[in-house]
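# Observations on the three-dimensional arrangement
Read off the chains here:
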Amino acid sequence: MTDMTFAALGLAEPILRALGDENYTHPTPIQGKAIPVLLAGRDLLGIAQTGTGKTAAFAIPMLQKLSVGHVPPGPKQARGLILAPTRELAVQIEQSLRTYGRHLNLRMAVILGGVNQNSQIRTMARGVDILVATPGRLLDLVQQKHVRLDAVQAFVVDEADRMLDMGFIRDVRKLVAMLPGQRQSMLFSATMPNDIATLAREMMNNPERIEVAPQGRTADRITQKLYHVAMPQKRQLLSHLLQDLAMNRVIVFTRTKHGANRVAQFLCKQDIVAEAIHGNKSQNARQRALDMFRNGKARVLVATDIAARGIDIDEISHVVNFELPNEPESYVHRIGRTARAGGEGVAISFCDPSERAYLRDIEKLTRNKIEVVAHDLPEPTPEELRQMQDAPRPPHGHRHGKPGHGKPGHKGGHNHGGQNHGGQNHGGQKPGGAGPKKRNGSRAHWNRKRDAA
Ligand code: AMP
């Protein structure tokens, strides 16, 4: 947070009132820098991750500029346009706009893929003040002439680097080409790969560049812990840890969709309300799961990395990496789901011997050795040991080659408490042996058997 107040930024009274309703008194650093620049009409290049308050940084000036001397939009038109890479993020941005704009009389809409287009067409028929959209569906509706972009005065590309990752940059470029030349533009991105720098140059006019919280900074406020635990014991450890009621709003990350379903089902059997969210679910099912989690009806949300993109839920107490991600950057994204907006959080990771290489990559990227905690689970049963021995192959897809490429018996420098044998090479298992997933998303057979039990 900054020392200045929102009132000092010259915001209109209805917006200040809405921020007051949310108990937001002080702008975050990006808000403090971006709001004056945007109110002055400049273009803006914002280098910032989610969790910095960047949504309000562009939403508040947009609301203010479109509400002062309000000119109603014509049919099919939008005066403000925000592009977001994922459906979840688009919905969240629209919710933020409604929150900060609740005392203004502006019309908003969200256009996203994966759902029927008819209601979106109906909403757009009258025109809206601000439209939030994912690029593909918007382009589709523009080409079908259900949406017109000729009245856009304020334009935002949010999470541009994710647009690039997800292959949407061409669609974004096509949309930019349809916008009026006279407009204010903003682009936000956590990183600045060349393609994004080029897009920024093309779509903006001498933008002010604002950079906040370089990558990794959020991690300072997150307590990170690591359990060495064998794959077959992970679910048991999770339900054991969840006996701690301080874990009141928990995101559990798995690498696969099937894994997410199985963990959620397991927790539900233990009377822990859990919802799974992943790409195989319909948009409605995903939104329902998110709502359950957001309003506290579900204590645990089990998610894959892709499905969790852009999820912005405050006060997540704990992130659990049930499986370590094979991309170390995903670890940073995952743990950043907690400790939002200056808060604090805890990230707990489970590491099977086969995941040691992933762990090393993560520790290298974050330049941080994660504190190892010993668990006190009972010794694996003979059945579990047998399953671990049966484990057929190492996980695929590690970009530096075979996971578990470290020295056999390497213990990662951690301190095992009395009974912590879970993460060791029990039963003669080689590192890299207990493959937690296959590339096609299915489980190694030993794990499937266990799940069926
Ligand atoms: P964002 O980076 O836009 O995803 O925002 C992260 C979270 O910070 C959002 O969920 C907001 O609820 C919260 N937030 C944004 N601005 C403020 C503020 N000025 N004071 C307190 N919380 C904020």
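Report on the accompanying structure. (Residues numbered from 1 in each chain as written. Predicted model: local features only at pLDDT ≥ 70, side-chain atom pairs only at ≥ 80, totals over all residues. Heavy atoms only, no water.)

## Here we look at the sheet that holds strand β12 (residues 318–321)
Remark on secondary structure: sheet strands pair via backbone hydrogen bonds, oriented parallel or antiparallel. Here we have 7 strands laid out as an open sheet, ordered β10-β11-β9-β12-β13-β8-β14, and parallel in their pairing. In the strand order of this sheet, the two ends are held by β10 (274–277) and β14 (371–372), each with one partner. Examined bridge by bridge, strand β8 (residues 222–228) and β14 share 2 bridges and lie parallel to one another. The residue bridging L226 from the neighbouring strand is V372, located in β14. Each of β8, β9 (250–253), β12 and β13 (345–351) touches helix α14 (residues 328–335); the most contacted strand, β12, lies at about 155 degrees to it. (Pairing = 2+ DSSP bridges. Helix = DSSP H or I, 4+ residues; strand = E, 2+ residues; numbered from the N terminus. Contact = heavy atoms within 4.5 Å. Axes fitted to C-alpha atoms, helices over the stretch in contact; angles between N-to-C directions.)

## Observations concerning the site of the ligand
Every one of the 16 residues lining the ligand counts as a neighbour, but Y24, Q31, G51, G53 and T55 are closest to it. Between the ligand and T52, the relevant distance is 3.0 Å, taken from an oxygen atom to a main-chain nitrogen or oxygen of the residue. For the ligand, an oxygen atom lies 3.2 Å from a polar atom in the backbone of K54. Relative to its unbound accessible surface of 490 Å², the ligand loses 90% to contact with the protein. Looking at side-chain class alone, the shell around the ligand contains 4 nonpolar, 8 polar and 4 charged residues. Three or more residues apiece are contributed to the shell around the ligand by two domains, here domain 1 (6–211) and domain 2 (222–379). (Near = heavy atom within 4 Å. Polar contact = N/O pair within 3.5 Å; in protein donor to acceptor, adjacent residues only side chain to side chain. Areas by Shrake-Rupley, 256 points an atom, 1.4 Å probe, with all protein chains shown as cover. Nonpolar A, V, L, I, M, F, W, Y, C, P; charged D, E, K, R; others polar. Domains from an automatic or database assignment.)

## Describing empty space enclosed by the protein
Under the definition given, this model contains 4 cavities of 30 Å³ or more. In this structure, the second largest cavity spans a volume of roughly 70 Å³. Taken together, A48, Q49, T50, K54, E159, D161, R162, S189, A190 and H333 form the lining of the second largest cavity. (1 Å grid on protein atoms, 1.4 Å probe; cavity = no way out; pocket = protein on both sides within 12 Å on 5 of 7 lines; lining within 4 Å. Points joined across faces, edges and corners; volume = space filled by probe spheres on them.)

## A word on the pattern of salt bridges
The full count for this structure, using the stated rule, is 17 salt bridges. The shortest N-O distance in the salt bridge between D158 and K54 comes to 2.9 Å. Of this pair, D158 sits in the loop between β5 (154–157) and α7 (160–165) while K54 sits in helix α3 (residues 54–67), and the two are 104 residues apart along the sequence. In this pair, the class of D158 matches that of K54, namely buried. We note a salt bridge from E363 to K369, for which the minimum N-O separation is 3.0 Å. For K369, a relative accessible area of 55% puts it in the exposed group. Connected through shared salt-bridge partners, K54, D158, E159 and R162 make up one network. (Salt bridge = Lys/Arg side-chain N within 4 Å of Asp/Glu carboxyl O. Buried < 20%, exposed > 50% of the residue type's maximum accessible area, 1.4 Å probe, protein only.)

## Quick word on the packing of aromatic side chains
For any pair of aromatic rings, geometry is given as the distance between the ring centres together with the angle between the planes. Inspection of the entire model under this criterion finds 4 aromatic pairs. Here the aromatic rings of F58 and F188 are separated by 5.3 Å at their centres, their planes lie at 45 degrees, and the arrangement is tilted. Here F58 is found in helix α3, whereas its partner F188 is found in strand β6 (residues 184–189), with 130 residues between them in sequence. Side by side, F58 and F188 carry an identical accessibility label, which is buried. Centroid distance F322 to F350: 5.9 Å. Interplanar angle 55 degrees. Geometry classified as tilted. With a gap of 28 residues between them, F322 in the loop between β12 and α14 and F350 in strand β13 connect regions that are remote in the sequence. When sorted by exposure, F322 lands in the same class as F350, which is buried. Among the aromatic residues, those joined into a cluster by ring pairs are Y227, F322 and F350. Just above the ring of F322 sits the side chain of K234; from NZ or CZ to the centre is 5.9 Å. (Phe/Tyr/Trp six-rings, centres within 6.5 Å; stacked < 30°, edge-to-face > 60°. Lys NZ or Arg CZ within 6 Å of the ring centre and 35° of its normal.)

## Thoughts on the sheet that holds β5
Taken together, the 7 strands give an open sheet; going across it, the order is β3-β4-β2-β5-β6-β1-β7, and neighbouring strands pair in parallel fashion. This sheet does not close on itself; its edge strands, each paired only once, are β3 (108–111) and β7 (208–211). Neighbouring strand axes in the sheet, compared pairwise and without regard to direction, differ in orientation by 15 degrees on average. Examined bridge by bridge, strand β2 (residues 78–83) and strand β4 (residues 128–133) share 5 bridges and lie parallel to one another. By the bridge assignment for β4, I82 is matched with V132. Running at roughly 170 degrees to β7, helix α2 (residues 29–39) makes contact with β1 (44–47), β6 and β7 of the sheet.

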